[in-house]
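The primary structure of each chain is shown beneath.
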Amino acid sequence: MNPVLSVKGVSKHFGGLKAVDDVTFEVRRGEILGLIGPNGSGKSTLFNCILGQLPASGGKVEVDGRDVAGLRPCDLNLLGVGRTFQMLQVFPEMTVLENIILAGQEHKGTMFSRLFGKPDAGLTDEAKRMIEFFRLTHQTNEKAGSLSYGQQKLLDAAMAFMAGPKLVLLDEPAGGVNLTMLAHLKERLKAFNEERGATFVVIEHNMEFVMSLCTRIIVLANGRIIAEGEPEAVRNDPQVIEAYLGG
Ligand code: ADP
Ligand code: MG
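Values in this document were obtained by computation on a predicted structure and should not be read as measured data.

Engineer: Describe helix α6 (residues 149-161), and please don't skip the residues or the numbers.
Structural biologist: The first and last C-alpha atoms of α6 sit 19 Å apart over 13 residues, in line with the 18 Å expected at 1.5 Å per residue. α6 sits mainly inside the fold: 12 of its 13 residues count as buried. Along α6, the residues that are buried comprise G150, Q151, Q152, K153, L154, L155, D156, A157, A158, M159, A160 and F161.

Engineer: Before we move on, could you go through the sheet that holds strand β9 (residues 216-221) and cite the residues and values that matter?
Structural biologist: Pairing is mixed in the open sheet, where 6 strands are placed in the order β6-β7-β8-β3-β9-β10. Unpaired on one side and paired on the other, β6 (81-84) and β10 (224-229) mark the two borders of the sheet. Along the sheet, successive strands turn relative to each other by an average axial angle of 15°, direction set aside. Relative to β9, strand β3 (residues 32-36) runs parallel, the two sharing 4 bridges. Among the inter-strand pairings, I36 is bridged to a residue of β9, identified as V219. Seen against the sheet, helix α1 (residues 43-50) touches β3, β6, β7 (167-171), β8 (199-203) and β9 and runs at an angle of roughly 150° to β7.

Engineer: An account of the site of ligand 1 is requested, with residue identities and associated values reported.
Structural biologist: The full set of residues close to ligand 1 is F14, L17, A19, P38, N39, G40, S41, G42, K43, S44 and T45. Note that an oxygen atom of ligand 1 is positioned 3.0 Å from one of the backbone N or O atoms of G42. Measuring from an oxygen atom of ligand 1, one finds a side-chain N or O atom of K43 at 2.8 Å. Contact with the protein chains covers 59% of the free accessible surface of ligand 1, which is 560 Å². Among the secondary structure elements, those contributing two or more residues to the shell around ligand 1 are β2 (17-27) and α1. Per-element tally for the shell around ligand 1: the top contributor is α1, with 3 residues. For the shell around ligand 1, the per-class residue count stands at 4 nonpolar, 6 polar and 1 charged.

Engineer: Just give me the short version of the pattern of salt bridges, but keep the residues and values in it.
Structural biologist: Tallied over the full model, the rule gives 13 salt bridges. Among the ionic pairs, K8 bridges to E62, the shortest N-O distance being 3.4 Å. Residue K8 is found in strand β1 (residues 5-14), and its partner E62 is found in strand β4 (residues 58-63); the two are separated by 54 residues along the sequence. Under the relative-accessibility criterion, K8 is labelled partly exposed at 37%. With a relative accessible area of 13%, E62 lands in the buried category. Here D64 ties to K166 by a salt bridge, and the two come within 2.7 Å at their closest N and O atoms. Note that D64 is positioned in the loop between β4 and β5 (66-67) and K166 in the loop between α6 and β7, a separation of 102 residues in sequence. Each of R28, E31, R216 and E228 takes part in a single network of salt bridges with overlapping partners.

Definitions and limits used
Residues numbered from 1 in each chain as written. Chains lettered and ligands numbered in written order. Predicted model: local features only at pLDDT ≥ 70, side-chain atom pairs only at ≥ 80, totals over all residues. Heavy atoms only, no water. Helix = DSSP H or I, 4+ residues; strand = E, 2+ residues; numbered from the N terminus. Expected span 1.5 Å × (residues − 1). Buried < 20%, exposed > 50% of the residue type's maximum accessible area, 1.4 Å probe, protein only. Pairing = 2+ DSSP bridges. Axes fitted to C-alpha atoms, helices over the stretch in contact; angles between N-to-C directions. Contact = heavy atoms within 4.5 Å. Near = heavy atom within 4 Å. Polar contact = N/O pair within 3.5 Å; in protein donor to acceptor, adjacent residues only side chain to side chain. Areas by Shrake-Rupley, 256 points an atom, 1.4 Å probe, with all protein chains shown as cover. Nonpolar A, V, L, I, M, F, W, Y, C, P; charged D, E, K, R; others polar. Salt bridge = Lys/Arg side-chain N within 4 Å of Asp/Glu carboxyl O.

Structure, rendered in structure tokens:
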């Protein structure tokens, strides 16, 4: 079976800076892959290249064996690929339900619902199920901006999950989230992975979170992969320790 995501020799240069430098890896279906590395090591840029938000300087990205070169983020959404950004992307003046419906419309709404802004019943039901899944039911009709930061991060993840999702790329989902919410987020990601067979790639600085969530970890430093393997092995890799301390 094809890997769900295949990244082959991807590079991204900004002028003379090799932000991503010849990166190759595969993600198997159902995996939760951690992507870690010091600040500025190229993690977010790599996500941007995978999702078609930035044109890569070289290399190839395949989703389910299909070359996705030239596809836009919305085309990838239709293939069941979603993402979250490092910065929150929720609309604070809209309710939780409206935010999730909007994400669903963007990802896979019918032409009618996109043109007339009216969600079909199926989409509203799905949005409600997603809200329930993330245990935000009590906040359904509250404005997103009135939620705690942790709840907004959950909402952000829920919105990305409306893409399908076959594959979700999460950029620092736990950043700034308190311990209770962190445990909740981790538990929900694991449940989504197990119940729906979703595959995740997770960028995260919180080592405890990454190590306990992910089945495999890739470490970037200066745009290159310097280590790859099971959480324990990676944590104890001298090159990884050096990259963090020296970074
Ligand atoms: P990370 O997510 O691992 O912290 P980034 O991918 O954000 O790292 O950044 C990698 C490197 O690329 C950094 O040196 C950053 O300053 C640079 N960079 C990122 N985006 C741009 C851009 N749009 N233009 C120029 N340089 C960029
Ligand atoms: Mg980043």
